[in-house]
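# Observations on the model geometry
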Amino acid sequence: MKIIQITLRHLKMRMKFPFVTSFGAMQDKEFLVVEAMDQNGRIGWGESVAFDTPWYTEETVKTNWHMLEDFMIPAILHTKLHHPDEVGQHLAYIRKNNMAKSAIEGAVWDLFAKEKRVSLAKLLGGNKEKIEVGISIGLQQSMDELLQLIQSKLNEGYKRIKIKIKPGYDIQLIQEIRKHFPTIPLMADANSAYSLEDIHLIKELDQYNLMMIEQPLSVDDLIDHAKLQKEISTPICLDESIHTYTDARTAIKLNACKIINIKIGRVGGLSEAKKIHDLCMENGLAVWCGGMLEAGIGRAHNIALTALSNFTLPGDTAGSSHYWEQDIIQPEVIVENGYIAVPTAAGIGYEPNRKTMEQFTIREKIFT
Ligand SMILES: O=C(O)CCC(=O)C1=CC=C[C@@H](O)[C@@H]1C(=O)O
Ligand SMILES: [Mg+2]
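Residues numbered from 1 in each chain as written. Chains lettered and ligands numbered in written order. Predicted model: local features only at pLDDT ≥ 70, side-chain atom pairs only at ≥ 80, totals over all residues. Heavy atoms only, no water.

### Re the side chain of T234
As for its placement among the helices and strands, T234 is situated in the loop between helix 8 (223–231) and strand 9 (236–238). Apart from residues lying up to four places away in sequence, T234 is in contact with L205, D206, L210, M212, I213 and Q229. (Helix = DSSP H or I, 4+ residues; strand = E, 2+ residues; numbered from the N terminus. Contact = heavy atoms within 4.5 Å.)

### Examining the coordination of the magnesium ion (ligand 2)
Protein coordination at the magnesium ion (ligand 2): the donors are D189 (OD), E214 (OE) and D239 (OD), at 2.1 to 2.4 Å from the metal. Mapped onto the sequence, the residues coordinating the magnesium ion (ligand 2) show the spacing D-x24-E-x24-D. You can see E214 sitting in strand 8 (residues 213–214) and its partner D239 sitting in the loop between strand 9 and helix 9 (245–254), a full 25 residues away along the chain. Across this residue pair, the class does not change: E214 and D239 are buried. (Donors = N, O, S within 2.8 Å, 3.2 Å for Na, K, Ca; no water. Buried < 20%, exposed > 50% of the residue type's maximum accessible area, 1.4 Å probe, protein only.)

### Quick word on the UniProt feature "domain: Mandelate racemase/muconate lactonizing enzyme C-terminal" (unreviewed entry) in the protein
Here, UniProt's "domain: Mandelate racemase/muconate lactonizing enzyme C-terminal" (unreviewed entry) annotation points to residues 143–235. Helix makes up 43% of residues 143–235 and strand 11%, with an end-to-end C-alpha separation of 25 Å. (UniProt positions renumbered as here; feature names shortened; annotations may be inferred.)

### Considerations on the packing of aromatic side chains
One pass over the structure, following the stated rule, counts 6 aromatic pairs. Judged by centre distance (6.4 Å) and plane angle (75°), the rings of F51 and Y56 are edge-to-face. Classification of F51 by relative accessible area gives buried; the value is 4%. Note on Y323 and W324: the rings are 6.3 Å apart at their centroids and 35° apart in plane angle, and the pair reads as tilted. W324 shares its class with Y323; the two are buried. Three or more aromatic residues joined by ring pairs form one cluster here, namely F23, F51, W55 and Y56. Geometry around Y339 places K130 over its ring, the cationic atom sitting 4.0 Å from the centre. (Phe/Tyr/Trp six-rings, centres within 6.5 Å; stacked < 30°, edge-to-face > 60°. Lys NZ or Arg CZ within 6 Å of the ring centre and 35° of its normal.)

### Thoughts on the pattern of salt bridges
The tally for this structure, following the rule as stated, stands at 21 salt bridges. One salt bridge in this structure joins E364 and R9, with 3.5 Å as the shortest N-O distance. Of the two residues, E364 is situated in strand 15 (residues 361–367) and R9 in strand 1 (residues 3–21); the sequence distance between them amounts to 355 residues. The class for E364 is partly exposed, based on a relative accessible area of 45%. Three or more residues joined by partner-sharing salt bridges are found here, namely R160, K162, K164, D189, E214 and D316. (Salt bridge = Lys/Arg side-chain N within 4 Å of Asp/Glu carboxyl O.)

### As for the site of ligand 1
Taken together, the neighbourhood of ligand 1 is formed by 18 residues, with S136, N191, K263, L293 and Y323 sitting nearest. N191 is positioned such that a nitrogen or oxygen atom in its side chain is 2.9 Å from an oxygen atom of ligand 1. For ligand 1, the accessible surface in isolation is 400 Å², of which the surrounding protein chains cover 99%. Of all elements in the fold, only strand 1 and strand 6 (161–164) reach the threshold of two or more residues within the shell around ligand 1. Tallied by class, residues from the shell around ligand 1 come to 7 nonpolar, 4 polar and 7 charged. (Near = heavy atom within 4 Å. Polar contact = N/O pair within 3.5 Å; in protein donor to acceptor, adjacent residues only side chain to side chain. Areas by Shrake-Rupley, 256 points an atom, 1.4 Å probe, with all protein chains shown as cover. Nonpolar A, V, L, I, M, F, W, Y, C, P; charged D, E, K, R; others polar.)

### What about the pairing of strand 1?
Sheet topology note: the strand 1/strand 2 (residues 24–38) ladder contains 14 bridges and is antiparallel. Directly across from T7, in strand 2, lies its bridge partner E35. Here strand 1 hands over to strand 2 after 2 residues, the two strands then running antiparallel side by side. Where strand 1 meets strand 15, 6 bridges bridge the pair, whose relative direction is antiparallel. Paired with T7 across the bridge in strand 15 is I366. (Pairing = 2+ DSSP bridges.)

### Quick look at the UniProt feature "binding site: Mg(2+)" (unreviewed entry) in the protein
Under the UniProt annotation, the feature "binding site: Mg(2+)" (unreviewed entry) is placed at D189, E214 and D239. Separation in sequence by 51 residues is not matched in space for these annotated residues, since their most distant C-alpha atoms are only 9.2 Å apart. Take D189: it is sitting in strand 7 (residues 186–189). With relative accessibility at 1%, the residue D189 sits in the buried group. Ignoring anything within four residues of it in the chain, the contact list for D189 reads K162, I163, K164, I165, E214 and Q215. One polar contact links D189 to K162, side chain to side chain, over a distance of 3.4 Å. Owing to a relative accessible area of 0%, D239 belongs among the buried residues under this scheme. Sequence-distant contacts of D239, that is, excluding residues within four places in its chain, are made with Y56, E214, Q215, N261, K263 and R266. Among the polar contacts listed, one links the side chain of D239 to the side chain of Y56, at a separation of 2.4 Å.

Printed below as a string of structure tokens:
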């Protein structure tokens, strides 16, 4: 397979609600879409999940554009590819920039699946017909609003609730939620807001039967997470600390976590995501698929990955209508009773809507 044309688009879409974390609020989601065409005119799609500011990782929409335009697209365009795994090899000389790598690799995976006439989920080795989904709720203005939102998401069928915590907004919050919802599957994401000095606080959380606590400590730490995991019974889930297969291997060796949140963009693409999935399975760790407030193309990639068998915990891939008035794919991603049906059509199984995309595009460049 050879890619003979790539179109790079920068989109900006307003979310229905501001997503608030300890780092601030985001309401306009900017992201890149990669459209790759092969010599037969087939099209594959990828989405970059980098945000417009570097708070989650060092990458941004602009750094991704630069990496793709100046280095990655030239390395892949007109290069003979026998399998999507080879994209990573061609880009290996470029350090990090995982989200940019993932965007172009994702387009090649979609294209390759279409060429083989199989769904992306099947091509990756997934066998589920439907996947279980949970929902991630950002910081809210008041306790009442948070409780109401949890109730409405439970009513919609979501299989687990994830809330954000930070120092001063943790024990009481979870205590209150547990008062109203004593047994729901509940987890807390700290986005590395704590240090080992807060160990007494984190230990207190043990009594609330959380499914896990996500990334309590520093984004570049594994050693302290291992110390913490020894002291608490709540499973630690790592997010920001895991960028590669090697990170996952080290975390497992150190017992730094019991669960890993795999985000395709954070680990540099589907090939690496699958390797981490397999490694966790061999070592008895559960995984789930995290979200990056994706539009439809990124969401479709998450669904395909989650069809792999060791994604045994509900992911953050909520339905399109949770985020968008109108998503950029047809049909939109629909959640029914907490499940998404894994598409069986070739490739990602959703068709990007060019008209809608055009409406939100603020920059476009074609590479031949
Ligand atoms: O896509 C979703 O709905 C999940 C969003 C979400 O929880 C996150 C997205 C990006 C950064 C974080 O705030 C958080 C996470 O860390 O998982
Ligand atoms: Mg997280």
